[in-house]
Each structure stands twice: as structure tokens, then as C-alpha cells.
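Per-entry structural report
Listed below are the residues making up each chain.
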Amino acid sequence: MTHRWRIAPVLIPLLLGPGPAVSQAAPPAATEQAAPPAAASQATPAPAAPDAAPGAPVAAPAPAPAAAGLPHDLSPWSMFLNADIVVKAVMVGLLAASVATWTIWLAKTMQLFGAKRRALRGLRALAGADSLVAVTRSGGLGGGPVAALVAAAADEVSRSGALPSDGVKERAALSLGRIEARGARAMTQGTGVLATVGSVAPFVGLFGTVWGIMNSFVGISQAHTSNLAVVAPGIAEALLATAVGLVAAIPAVVIFNGFARATAGYKALLGDASAEVMRHLSRDLDRRPSLRQQAAE
């Protein structure tokens, strides 16, 4: 029995030897056959890399063809040339209004400066004289409304003759008031254009902007795209009309307000001159006998 148990461990492997050997060798073969698919699964994404790589970094320059449609020069002059005909007409009209504004400013400034200088000189001559006749003979009045005030007062005195003084003063005051009004009206002529430009120009520019934006949206619908490169030039050209409207309106409003203040100051000078003429007239009427002698001479 002892020998049998000793021989059994040797015979059993011999009898069953091929089975376990194959079963033990099978796993390596399986692993060898399984390895290629694993390697293939790892190597499969490698070809996808060239396709995926252009997707992220290389796609960035994609807007380049759309950007090529943008005009290279977006200056105001270029936008004006590329604008719609209606927008061009609006901008040309606004530029003409701006030119008219500055022309009126130059002309009225020179006119107002000369009128104020003559009024101040006549006022000084009235303040230093003793009577209307003395002021007329001195020749210090020059021309302008102040000289007209003195001439109107002297003419009323000569026409009234020996009529009561109160009536002479009343009629002279009416004549002087009309001369003041004419002088002030001469200074305000042309300033109505400034008021019109200042109030209307922004709305005209807004009309050009609305028209240009409408055309931009029509172009977007026809191009079947909402790319900013397609939309931006048209909107910029449309907004240029509003900018031109503001350029025409703001100086017009400022100049109009400046002329309004300057005209009020000029009217005050004429009022002072008129008061000075009435003062001399009242004094001359109290000295009527001597006035008649001077008028006879």
C-alpha cells in the first residue's frame, strides 16, 4: 500500500498531463490574441487626432472670409461714399445747414460788433452834450440808430412848434420806440435760421439713421446671415447721419443763444440812448425860446 500511494502522485500527472498543460497554456494564447484588439483600440483614436485637432484651434480663422467683405477704410468720408442715396442726401443737407450756420455767425458777429461800437460812441456824445442841437453839431454821433434817435427828436420839436410840451414828448417817445424796435430787429435778422437748424437738424439726422438701418436689415435678410461683419458697415453709415445732424444742431443752438444775449445787450444800449435823448428833449422844451433861436439860425 505504501508503494501504491507513492506511485499514484507520479501516475496521475502522467495520465492527466496533456489536459492541464493545454488548459494552463491557453490563457497566454488568449492574452496574446486579446492583446492586438486592445492595442488596436488604443491606436484607433490616433487617426482621429488630425480630424479633431483642426476643429478647435484651426477653426478660429474661419471668420476670415466674412471679414474680407468689410471695407478697409471706415473713415467718415468712406462711409459717406458707401451710404445709401437717401442717407447721402440727408447728410449733404445737414452739411449745407452747418455751413449756413457758421456764415450767419460770422456776418452777424461783425454787424453786431459795429452796431455796438456806434451805439456806445453816440451814447457818450449824448452824455457829454447840453442839448440835442449841440449833439447834432458836434458830429460825434456818427451813424446808426442813435443818430436816428436824435434826428427824430429834433424833427418832432421843429414840427410841433409852439404846441404843448407834453404832446411833444409823447410823440417823440413813440418815434424813438419805433427806431429802437427797428434797430433790434435788424440785429435779429437771420437768427431764425439758427433756431430752425438747431431744432430740426437732429430729427433730420435721425431720419437718415432710420433709413440706413432699414436698408441694413434688408441686406441682412437677403444675405441670409447675421454676421457682425455684414451688419456693422451699414449701421455705421446710418449712424453717421445722426452724428452729422448733431454737428449741425449743437453749434446752431449755442450761436443762437449767444446772439440772443448780445441782441438783448444792444437793445439795452438803444434804450439808454433813447432815455438820454428824452432827457435832452425835456430840457430843450423847458428852454423853448432859446431852442427856437437856435433852430432859426
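The structure displayed is predicted, hence computed values, not measured ones.

Quick notes on the UniProt feature "transmembrane region" (unreviewed entry) in the chain
- According to UniProt, the "transmembrane region" (unreviewed entry) feature falls on residues 85–107, 192–214 and 234–260.
- As a span, residues 85–107 carries 100% helix and 0% strand, and end to end its C-alpha atoms are 33 Å apart.
- Helix and strand shares over residues 192–214 are 100% and 0% respectively, and the end C-alpha atoms of the span are 33 Å apart.

Re the confidence of the model for the chain
- Residues with a pLDDT of 70 or more make up 67% of the chain, whose mean pLDDT is 74.
- Per-residue pLDDT stays below 50 along residues 1–5; that stretch engages in zero contacts with residues further than four places along the chain or on separate chains.
- Scored below 50 in pLDDT, residues 19–71 makes nine contacts in the model with residues more than four places away or belonging to other chains.

Topic: helix H8 (residues 145–160)
- Compared with an ideal rise of 1.5 Å per residue, which puts 16 residues at 22 Å, H8 spans 22 Å between its outermost C-alpha atoms and is within 8% of the ideal.
- Where H8 terminates, the next one or two residues include glycine 161, which has phi positive at roughly 60°.

Thoughts on the packing of aromatic side chains
- Per the counting criterion, the structure on display carries two aromatic pairs.
- Seen from their ring centres, tryptophan 102 and tryptophan 105 are 5.8 Å apart, and the 80° between their planes marks the pair as edge-to-face. Here tryptophan 105 and tryptophan 102 lie together in helix H6 (residues 85–128), a separation of three residues that amounts to about one turn.
- Considering the side-chain rings of phenylalanine 207 and tryptophan 211, the 6.2 Å spacing of their centres and the 45° angle between planes classify their relative orientation as tilted. One end of the pair, phenylalanine 207, and the other, tryptophan 211, are both in helix H10 (residues 191–223), four residues apart, so they sit about a helical turn from each other.
- Among the residues examined, tryptophan 211 registers a relative accessible area of 31% and is labelled partly exposed.

Structural notes on the pattern of salt bridges
- For the structure on display, the rule yields three salt bridges.
- Ionic pairing is found between glutamate 156 and arginine 171, a salt bridge with its closest N-O pair at 2.7 Å. Here the residue glutamate 156 occupies a position in helix H8, and arginine 171 occupies one in helix H9 (residues 165–188), the gap between them amounting to 15 residues.

Focus on a nonpolar patch on the surface
- Judged by side-chain polarity, Leu206, Phe207, Val210, Trp211 and Met214 come together as a nonpolar surface patch covering roughly 460 Å² of accessible area.
- When you line up the elements, leucine 206 lands in helix H10.

Thresholds, definitions, all that
- Residues numbered from 1 in each chain as written.
- Predicted model: local features only at pLDDT ≥ 70, side-chain atom pairs only at ≥ 80, totals over all residues.
- Heavy atoms only, no water.
- UniProt positions renumbered as here; feature names shortened; annotations may be inferred.
- Helix = DSSP H or I, 4+ residues; strand = E, 2+ residues; numbered from the N terminus.
- pLDDT = per-residue confidence, 0-100.
- Contact = heavy atoms within 4.5 Å.
- Expected span 1.5 Å × (residues − 1).
- Phe/Tyr/Trp six-rings, centres within 6.5 Å; stacked < 30°, edge-to-face > 60°.
- Buried < 20%, exposed > 50% of the residue type's maximum accessible area, 1.4 Å probe, protein only.
- Salt bridge = Lys/Arg side-chain N within 4 Å of Asp/Glu carboxyl O.
- Patch = residues over 30% accessible without salt bridge, like charges linked within 9 Å, V, L, I, M, F, W, Y side chains within 5 Å.
- Areas by Shrake-Rupley, 256 points an atom, 1.4 Å probe, with all protein chains shown as cover.

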